[in-house]
Amino acid sequence: MLSIAGLTKRYSGKHAAQSEPALSGVDLIVPKGQLMALIGPSGAGKSTLIRCVNRLVEPTMGRIVLDGQEVTGTGRTVLRHARRRMGMIFQEYALIERLTVMENVLSGRLGYVGFFASWSRRFPRADIAEAFRLLDRVGLKGMEDKRADELSGGQRQRVGICRALIQNPALLLVDEPTASLDPKTSRQIMRLLVELCAERDLAAIVNIHDVALAQMFVPRIVGLRAGRVVFDGPPDALTPETLTSIYGEEDWSATIRPVEDDADE
Amino acid sequence: MSETWSPPPAIRNPWLRYGLYLGAAVYLSLALGTLHLNWARLAEGLDRGWAFVSAFGHPDISKHWREIWEGFVESLTMTVVATALGILISLPVGLGAARNLAPMPLYLLCRGIVAISRTFPEIIVAILFVKMFGFGPLAGVATLAFATIGFMAKLLAEDIEDIDPRQVEAIRATGAGPFQVLNYAVQPQVMARFIGLSVYRLDINFRESAVIGIVGAGGIGATLNTSFERYEFDTAAAILLTIIGIVMATEYFSSVVRERLR
């Protein structure tokens, strides 16, 4: 279980003192195994929020605890151990382009192996076996020796998912997983994420722009506006009024209409 | 309606414009006056210059075969040793000089090393090292290694500053340590270009080794200098032609290597 309490982030910079903080006093509890979508306009703080959870961005104030382990206010070693329990998936995949698919997947184990073992690419047998299993599971069997830059967008995101899962995480932090993908691939990737989280009883925070896609796949939606939580509820509780409170005035009738899921995969 | 047009002058104020023209003309004529052109001496030198140029028609490599061979072997040895040494030292300096990796004090120190290494031309550094280590290839190796550090470290640092930060973020997010981040997220992004630059520097160092030999830092430059002092232009021509051949060969080799690394 992840608990976030009073999370505030103020970026330092020229006008930092006057400007609004990126996040102010965010409280959230994500129970074990829950898939949560984070929606909100650009600049609302979605990306900052998930980066504060694994402290890629250092929070200004607040407390983050994952499965009883403090994430905030700890030293480098404890932080690294906490990061192992949080897999991260990125908008533009953030794979190491010049490394092979297998090296990219195994890089998810870097927190567990020593420098020389990782430098010489001698990972434990169990890790390699798990990497093969995961690649098979996401439909990339036989692709292990391809270079990451040879893959299509959907395939790259699948490698990104394997890299996150091989960490054996308790929580996935997912930053706009489908923003660089076409609608069909987006749905396939979302469906895969949902299935994998269910198989492994994983909690996940998914930043997503596509409200309809979020409604289709995710049981809980949190709306963020200007760094504050303004909505927290199931997808069918999203009304034109709540969307207006998150994004501002707009005609929302087309957005909320249930989207038909295309079955051809 | 007017039908003529000419582009506006670069300097709009006519006083300033013509003043600058006049000033430049006066300065040039005065400067030319201080050169003390001696036409008789120039005519005499033209003969000697022609003797040197015409020697390229009949280069003679056989008369001082041993000296030439030893000179080239020494130059190549200097080049390879100095390049390897320089690259080895440039690695930590380059990492430290990358603003996105290094903390401020380390960054300033490494940028300082780069600046010092790049400020002094090889020939000046060579004169200094010849005074320190005496004539010979040791001074040459020190000079070329010194120049290589600045060159490689600066280009490595700039490549590192241009890497995709998202890949670094992704590796940090796995709980990797700082050296693992370097090995997995930074090295793959800069390695190919670094190898290409190393090969390029190897061929620069060979060319430079011929130049610094003239001030006493060993190698083929020293042999070349001796032949000039003896007015053996046919030997000098042979040496220069060989240098040109080797430089062209290494340049071709380095371009092939860089092409294949893409």
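Look up: the structure comes first, before these words.
In this convention, every chain numbers its residues from 1, walking through the sequence in written order. Numbering of ligands from 1 and lettering of chains from A proceed in the order in which they are written. Whole-chain, interface and lining totals are the exception, using all residues; otherwise, since this is a predicted model, local features are given only for residues with pLDDT of at least 70 and side-chain atom pairs are given and counted only at 80 or more. With hydrogens and water excluded, all non-hydrogen atoms of the structure serve as input to the side-chain values.

Enquirer: Mind showing me how you'd approach the overall build of chain A here?
Expert: Looking only at helices and strands, one finds ten helices and ten strands in chain A. Radius of gyration means the value over C-alpha atoms here, while the globule rule gives 2.2 Å times the residue count to the 0.38 power. For 265 residues, the compact-globule estimate of 2.2 N^0.38 gives 18 Å, and the C-alpha radius of gyration of chain A, at 19 Å, lies within 12% of that figure. Its C-alpha atoms give chain A principal-axis dimensions of about 55 × 50 × 35 Å. Type-normalised accessible area, obtained with a 1.4 Å probe on protein chains alone, sets the label of each residue: buried when under 20%, exposed when over 50%, and partly exposed for intermediate values. When burial is assessed residue by residue, chain A has 54% of its 265 residues classed as buried. Any two residues whose heavy atoms approach within 4.5 Å at even a single point are treated as in contact. Restricting the contact set of chain A to residue pairs at least 6 apart, pairs at least 24 apart contribute 70%. Per-residue and other accessible areas were derived by the Shrake-Rupley procedure at a 1.4 Å probe size, with only the shown protein chains allowed to occlude residues. Summing over all exposed atoms, chain A offers an accessible surface of approximately 11800 Å²; the carbon and sulfur share of this is 52%. Secondary structure elements are taken from DSSP: a helix is a run of H or I of four residues or more, a strand is a run of E of two residues or more, and numbering for both begins at the N terminus.

Enquirer: Can you walk me through the interface of chain A and chain B in this structure?
Expert: It is common to give the size of an interface as the accessible area lost on bringing the parts into contact. Each side of the interface is counted separately: chain A has 31 residues, and chain B has 20 residues. Both sides of the chain A and chain B interface together cover about 2200 Å² of buried area, and 55% of this is carbon and sulfur. When the buried surface of chain A facing chain B is broken down by residue, Ile96, Arg98 and Leu110 of chain A rank first, second and third, together holding 26% of it. Between Lys or Arg on one side and Asp or Glu on the other, a salt bridge is scored when a side-chain nitrogen of the former is within 4 Å of a carboxyl oxygen of the latter. Counting across the chain A and chain B interface gives two salt bridges. Between glutamate 169 of chain B and arginine 51 of chain A there is a salt bridge, and its shortest N-O distance comes to 2.7 Å. For this analysis, a polar contact is any N or O atom pair within 3.5 Å, provided that within protein one partner can donate a hydrogen and the other can accept it, and provided that sequence-adjacent residues contribute only side-chain to side-chain pairs. Counting every contact that joins chain A to chain B gives ten residue pairs in polar contact (both at pLDDT 80 or more). The set of elements that each furnish at least two residues to the side of chain A that touches chain B consists of helix H2 (76–84), strand E6 (86–89) and helix H4 (115–119) of chain A. Simply put, the buried area is the total loss of 1.4 Å probe accessible area from both parts when two parts are fitted together.

Enquirer: How should I be thinking about a nonpolar patch on the surface in this particular structure?
Expert: Residues and elements named next belong to chain B. Nonpolar side chains (Val, Leu, Ile, Met, Phe, Trp, Tyr) within 5 Å and like charges within 9 Å form the patches, drawn only from residues with over 30% relative accessible area and no salt bridge. Together, Ile116, Phe120, Ile123, Ile124, Ile127 and Val211 give the surface a local cluster of nonpolar side chains, amounting to about 490 Å² of exposed area. No other element matches the three residues that helix H5 (residues 122–133) contributes to the nonpolar patch. Relative to the helices and strands, isoleucine 124 resides in helix H5. On the basis of relative accessible area, isoleucine 124 is assigned to the partly exposed category, the value being 45%.

Enquirer: How should I be thinking about unusual backbone geometry in this particular structure?
Expert: With the exception of glycine, most residues fall at negative phi, and the peptide bonds are largely trans. Positive phi outside glycine occurs at glutamate 176 of chain A, with the angle close to 45°. Looking at the secondary structure, you find glutamate 176 of chain A in the loop between strand E7 (171–175) and helix H7 (183–200). With phi around 55°, tyrosine 231 of chain B is a residue other than glycine that occupies positive phi space. Following the sequence through the fold, tyrosine 231 of chain B ends up in the loop between helix H9 (220–229) and helix H10 (233–260). On the basis of relative accessible area, tyrosine 231 of chain B is assigned to the exposed category, the value being 54%.

Enquirer: Would you mind showing me how to read the pairing of strand E4 (residues 61–66) of chain A here?
Expert: Successive residues of a regular strand alternate their side chains across the two faces of the sheet. Residue and element names in this part refer to chain A. When strand E1 (residues 2–9) meets E4, the two strands line up antiparallel, connected through five bridges. In the strand pairing of E4, alanine 5 is matched with arginine 63. Pairing between E4 and strand E5 (residues 69–70): two bridges, direction antiparallel. Counted as the bridge partner of valine 65 is glutamate 70 from E5. Here, strands pair whenever DSSP counts at least two bridges between them.

Enquirer: Would you mind going over the nonpolar core with me for this structure?
Expert: Across soluble globular proteins, you tend to see nonpolar side chains buried next to one another. Joining through side-chain atoms within 4.5 Å is the link that ties buried Ala, Val, Leu, Ile, Met, Phe, Trp, Tyr and Cys residues into a set, and such a set is a nonpolar core. Counting 72 residues, the largest nonpolar core has Ile39, Val105, Ile161, Leu172 and Leu238 of chain A together with Ile171 of chain B as its most contacted members. A total of eight residues in this core trace back to one element, the largest contributor, which is helix H8 (residues 178–212) of chain B. When sequence neighbours within four positions are dropped, the list of residues in contact with valine 105 of chain A reads Ala131, Leu135, Val159, Cys162, Arg163 and Ile166 of chain A. Counting 33 residues, the second-largest nonpolar core is a separate cluster that includes Val53, Ile64, Leu79 and Leu173 of chain A.

Enquirer: Teacher, can you tell me more about the packing of helix H2 (residues 39–55) of chain B against H10 of chain B here?
Expert: For any two helices packed against each other, the geometry comes down to the angle between their axes and how far apart the axes lie. All names here are of chain B. Taken N-terminus to C-terminus, the directions of H2 and H10 make an angle of 50°; their axes are 8 Å apart at the nearest point. In terms of orientation, H2 and H10 fall into the oblique class. In the packing of H2 onto H10, the handedness of the crossing is right-handed. Each of Arg48, Ala51, Phe52 and Ala55 in H2 lies in contact with H10, whose residues at this interface are Phe233, Asp234, Ala236, Ala237 and Leu240. Here the contact of H2 with H10 is composed, by residue class, of seven nonpolar, no polar and two charged. A fitted line through C-alpha atoms represents every axis, and for helices the fit uses only the stretch in contact; the resulting angles, taken between N-to-C directions, go from 0 to 180 degrees. For classification purposes, an angle smaller than 35 degrees is called roughly parallel, one larger than 145 roughly antiparallel, one from 65 to 115 roughly perpendicular, and anything else oblique. Helix crossings get a hand from a simple test, with the near helix turned counterclockwise from the far one by less than a right angle marking a left-handed crossing and a clockwise turn marking a right-handed one. In this count, Pro and Cys sit with the nonpolar residues alongside Ala, Val, Leu, Ile, Met, Phe, Trp and Tyr, while Asp, Glu, Lys and Arg are called charged and the others, Gly among them, polar.

Enquirer: Explanation requested: the state of the cysteines in the structure shown.
Expert: Working definition: the covalent bond between the sulfur atoms of two cysteines is a disulfide. The disulfide definition used here is simple: a pair of cysteine sulfur atoms within 2.5 Å. Within the structure shown, the criterion is met by zero disulfides over all chains. Lacking any disulfide linkage, cysteine 162 of chain A is separated from the closest cysteine sulfur, that of cysteine 197 of chain A, by 13 Å.

Enquirer: What's the story with the pattern of salt bridges in this structure? I'm lost.
Expert: It is possible for side chains of opposite charge to pair when their charged atoms get near one another. By the definition in use, this model includes 27 salt bridges over all chains. In this structure, arginine 166 of chain B and glutamate 92 of chain A form a salt bridge, with 2.2 Å as the shortest nitrogen-oxygen distance. With arginine 166 of chain B in helix H7 (residues 165–173) and glutamate 92 of chain A in the loop between E6 and helix H3 (101–106), the pair connects residues from two separate chains. Residue glutamate 251 of chain B pairs with arginine 207 of chain B through a salt bridge whose shortest N-O separation is 3.8 Å. Remark: arginine 207 of chain B occurs in helix H8 and glutamate 251 of chain B occurs in helix H10; sequence separation between them is 44 residues. When salt bridges that share partners are traced, they join Arg51 and Asp175 of chain A together with Glu169 of chain B into one network.

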